[in-house]
Amino acid sequence: MTDAIVSFAVKQLGDFLTQEIVDRKNLRTRVEWLRNELGYMQSFIQDAEEKQSDDHRMQQWISEITDIAHNTVAILKDCNLKVGAPKSGFFNSLQTYACLCSREANLHNISQQLESLKQRVLDISRKRETYGIRNLSNSAGEGANRGPNSRSIIKRLRRATSYVDQDRLFVGFEDVTRTLLAELFKMECRRSVISIYGMGGLGKTTVARELYNSSKVMENFRYRAWVCVSQEYSTSDLLRTLIKSFRKRCFGDELKIIEKMDEEDLERYLREILKGHKYLAVVDDVWHKEAWESLKRAFPDDKNGSRVIITTRKKDVATRVDDRSFVHELRFLTPDESWDLFCKKISHGDGYNNWCSAGMLDLGGQMVHKCGGLPLAIVVLGGLLCHKERLQEWHEVKEHIWRHLKNDSLEISFLLSLSYDDLSGQLKHCFLYLGSFLEDSLIDVEKLKWLWMAEGFITAREAKMEEVADHYLNELVNRSMIQIADKMWDKIAYCRIHDLLRDLAVQKAIEILIYHRRILNSREN
Ligand SMILES: Nc1ncnc2c1ncn2[C@@H]1O[C@H](COP(=O)(O)OP(=O)(O)OP(=O)(O)O)[C@@H](O)[C@H]1O
Ligand SMILES: [Mg+2]
């Protein structure tokens, strides 16, 4: 968490430098100095945080930096409150002039507070050298580099970009796809429902997508549509999505009409589109059987072999969604499939893991075993390890995992959190921001990158901002922290975040917010 807090302080200092007030009372020099120093410290923290539980000196050092970062944020907040820009208007001007003296005094006070922070920073830098607290790993995150914008980050990120091919990764489950394909094509004319259930991250959506995009299905079902339901949904919106998905191309006037239709009209419209056609619809991530009940009237049964695939985490939804549905409980990956998935995930685009030493593969095997065949855990683990090129780093991850095993297996929430902790400060911000999107929503990647830039998460001195934003996006994909939803001309056009990772982003953002509030409150009281 320190990493994110220090990064927040660095950002606040950067923002402060753009204000006019900074040119008074030597503030600029002090603020610039502090921003640079904290920026340098940030580069040590990420790795240091991982070590802190084992080393008391490190713990102390980190807590001092955290405190300085909090103090910095609090001083800047004070400054904005007490000596912010004068308000316009006659009475406000009067007020401003009346407060001029106290404003000057406050500025002086702030300048002194910054100076005393400088002394504390110098002091802890000295301690770091005196007590031999050094940067522990040169290759973890931004490691030994001076600041988050160094050339090596760009180099590292470029390398990450070169092996993005995760959208087509599908491993194992051959028997599953065989069974489900047989069900899709069996000689049964009535429109039937196939429901796939299993725990979060087991691969239900991935399996359904594999079927949906298989050439056999594409040839036989000319009418296909995909809709994601989630916990909160609006039936009208689901119907609109289905119509657009079946129609493939909806243009101007039709789009406008659809937007204005109410639920009943939408239902009728969809029935008209599908009448007489053999279709396949995937209704993904259903939490309540009522969701399908409210949609099913829109799906005609013309006894032509049409099919609906439903995916859900809940067994009772899967079994009760339709009287005669074919219910499939998705299994976990076998050990061989798990290993295969891990190896593909860590390969640098060429499908091989020959950059790993035998020792790494041995450790990898032990860690994959603890994933218990859960694909999400395996891809996140792979995404975490494929950025680590030294055996020692793999050892560290393993030790971390072993310390947090529950009933001898890895808890997915812990692994996701570990993967988050491994992100650089700026990437953490970019990831946390994803928590603000609705569950299962399609995220327009161009927009997302602009939003990141506007929020100030992308600061680049040695590369174009857009290039850095692209690299960040790719790094999150490679780490399996976001998924590619759609590509255009080989570039990612839409992405989405898995529910469990979105939950993590929201939870981490709340933790940081609470922490900030507590510190600020304790200063104010
Ligand atoms: N067979 C597979 N091959 C490759 N990757 C897979 C496979 N199954 C799952 N994954 C990966 O695991 C992640 C989680 O899978 P998926 O989203 O399909 O799970 P889910 O069962 O639909 O979870 P939820 O219930 O949360 O919707 C995906 O990002 C995907 O990359
Ligand atoms: Mg799913």
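Preceding this section is the structure that the text describes.
Residues numbered from 1 in each chain as written. Chains lettered and ligands numbered in written order. Predicted model: local features only at pLDDT ≥ 70, side-chain atom pairs only at ≥ 80, totals over all residues. Heavy atoms only, no water.

(A) Representation of the site of ligand 1 in the model. Taken together, 18 residues lie near ligand 1, and K204, T205, T206, R313 and Q483 sit nearest. One of the backbone nitrogen or oxygen atoms of G203 is found 2.9 Å away from an oxygen atom of ligand 1. The side chain of T205 places a nitrogen or oxygen atom 2.7 Å from an oxygen atom of ligand 1. Protein chains shield 92% of the accessible area of ligand 1, which is 630 Å² for the free molecule. Contributions of two or more residues to the shell around ligand 1 are made by α8 (204–212) and α17 (375–385). Examining the composition of the shell around ligand 1, we find that three residues originate from one element, α8, more than from any other. Residues that form the shell around ligand 1 fall into these classes: nine nonpolar, seven polar and two charged. (Near = heavy atom within 4 Å. Polar contact = N/O pair within 3.5 Å; in protein donor to acceptor, adjacent residues only side chain to side chain. Areas by Shrake-Rupley, 256 points an atom, 1.4 Å probe, with all protein chains shown as cover. Helix = DSSP H or I, 4+ residues; strand = E, 2+ residues; numbered from the N terminus. Nonpolar A, V, L, I, M, F, W, Y, C, P; charged D, E, K, R; others polar.)

(B) Geometry of the pattern of salt bridges. Tallying each qualifying case throughout the model produces 30 salt bridges. For R390, the salt bridge is made with E393, and the minimal N-O distance between the two is 3.8 Å. Residue E393 is classed as buried on the basis of its relative accessible area, which comes to 2%. (Salt bridge = Lys/Arg side-chain N within 4 Å of Asp/Glu carboxyl O. Buried < 20%, exposed > 50% of the residue type's maximum accessible area, 1.4 Å probe, protein only.)

(C) Spotlight on the pairing of strand β3 (residues 279–286). Burial runs high along β3: eight of the eight residues are buried. As paired elements, strand β2 (residues 223–230) and β3 share seven bridges and run parallel to each other. Looking across to β3, one finds that V227 is bridged to V283. The pairing of β3 with strand β4 (residues 307–312) spans four bridges and is classified as parallel. Along β4, the bridge assignment pairs V283 with I310. Between β3 and its parallel partner β4, the chain crosses via helix α13 (residues 289–296), and the hand of that crossover is right-handed. (Pairing = 2+ DSSP bridges. Right-handed = clockwise from strand over helix to strand, strands pointing away.)

(D) Representation of the packing of helix α21 (residues 445–455) against helix α22 (residues 465–478) in the model. Between α21 and α22, the least distance of the axes is 10 Å, while the angle of their chain directions is 115°. Of the possible angle classes, the one that applies to α21 and α22 is roughly perpendicular. The handedness of the crossing between α21 and α22 is right-handed. On α22, the residues touching V445, E446, L448, K449, W450, W452 and M453 of α21 are M465, E466, A469, D470, Y472, L473 and L476. The residue inventory of the contact of α21 with α22, partitioned by class, reads 10 nonpolar, no polar and four charged. (Axes fitted to C-alpha atoms, helices over the stretch in contact; angles between N-to-C directions. Parallel < 35°, antiparallel > 145°, perpendicular 65-115°, else oblique. Left-handed = near helix turned anticlockwise from the far one by under 90°. Contact = heavy atoms within 4.5 Å.)

(E) Region of the structure containing the nonpolar core. In this structure, F431 and W452 are the most contacted members of the largest nonpolar core, which totals 81 residues. When residues of this core are assigned to their parent elements, the largest contribution, eight residues, is made by α17. Mapped onto the domain boundaries, this core takes at least three residues apiece from domain 2 (174–329) and domain 3 (334–421). Not counting residues within four places of it along the chain, the set of residues in contact with W452 comprises C430, Y433, F457, I458, A469, Y472, L473 and L476. By size, the runner-up hydrophobic cluster in this structure holds 30 residues, among which are I21, L76, I110 and L114. (Core = buried A, V, L, I, M, F, W, Y, C linked by side-chain atoms within 4.5 Å. Domains from an automatic or database assignment.)

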